[in-house]
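Tertiary structure, described
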Amino acid sequence: MQKLSSTRIGIAQGSIVLFSDFQDGGVMWTGEGPRELRRAVVFDEPFRALPAVQVSLSMWDIDQKHNPRMDISADMITLEGFVIVFRTWGDTRVARVRADWLAIGGCAHEDDWEIL
């Protein structure tokens, strides 16, 4: 469990369109089998300790004739950012996806001292 001081909690959030493969015939729309897409997210300012990051689908546009197989997660979490990983497999055809994310963690405070 990550315990945070009440005066030093940072919350960063955002939304990002991961892809629109139906527009240009991309692999998520035209491919089959295992497929993966990674998008880097950079925080506006770094956290002081590794944040807890949650990623969710906020929009998905898929072909109704195929099974909707999707997995979304956060990977490579650092103080400065993380990578959103979207995966699908089988005959799933994904036209486009938007992901929302939330990061919560310790952050710098104006009362912090830096001793050099």
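- As recorded in an unreviewed UniProt entry, the protein chain goes by the name H-type lectin domain-containing protein, listed as coming from Rhodobacter lacus.

**So, the layout of surface pockets**
- Each pocket or cavity is described by its volume, and for the largest pocket that value is around 170 Å³.
- In terms of lining residues, the largest pocket is bounded by Gly10, Ile11, Ala12, Val42, Phe43, Asp44, Glu45, Pro46, Phe47, Trp101 and Cys107.
- Across the lining of the largest pocket, the residue classes break down as 8 nonpolar, 1 polar and 2 charged.

**A few points about the nonpolar core**
- Counting residues in hydrophobic clusters, the biggest one holds 20 residues, and the most contacted among them are Leu18, Ile84 and Trp101.
- For this core, the elements supplying multiple residues, two or more each, are β1 (9–20), β2 (35–42), β3 (52–62), β5 (81–88) and β6 (94–106).
- The element contributing the most residues to this core is β6, with 5 residues.
- Other than its neighbours up to four places away in sequence, Trp101 contacts Ala12, Gln13, Gly14, Ser15, Val41, Phe43, Gln54, Val55, Phe82 and Ile84.

Conventions and cut-offs
- Residues numbered from 1 in each chain as written.
- Predicted model: local features only at pLDDT ≥ 70, side-chain atom pairs only at ≥ 80, totals over all residues.
- Heavy atoms only, no water.
- 1 Å grid on protein atoms, 1.4 Å probe; cavity = no way out; pocket = protein on both sides within 12 Å on 5 of 7 lines; lining within 4 Å.
- Points joined across faces, edges and corners; volume = space filled by probe spheres on them.
- Nonpolar A, V, L, I, M, F, W, Y, C, P; charged D, E, K, R; others polar.
- Core = buried A, V, L, I, M, F, W, Y, C linked by side-chain atoms within 4.5 Å.
- Buried < 20%, exposed > 50% of the residue type's maximum accessible area, 1.4 Å probe, protein only.
- Helix = DSSP H or I, 4+ residues; strand = E, 2+ residues; numbered from the N terminus.
- Contact = heavy atoms within 4.5 Å.

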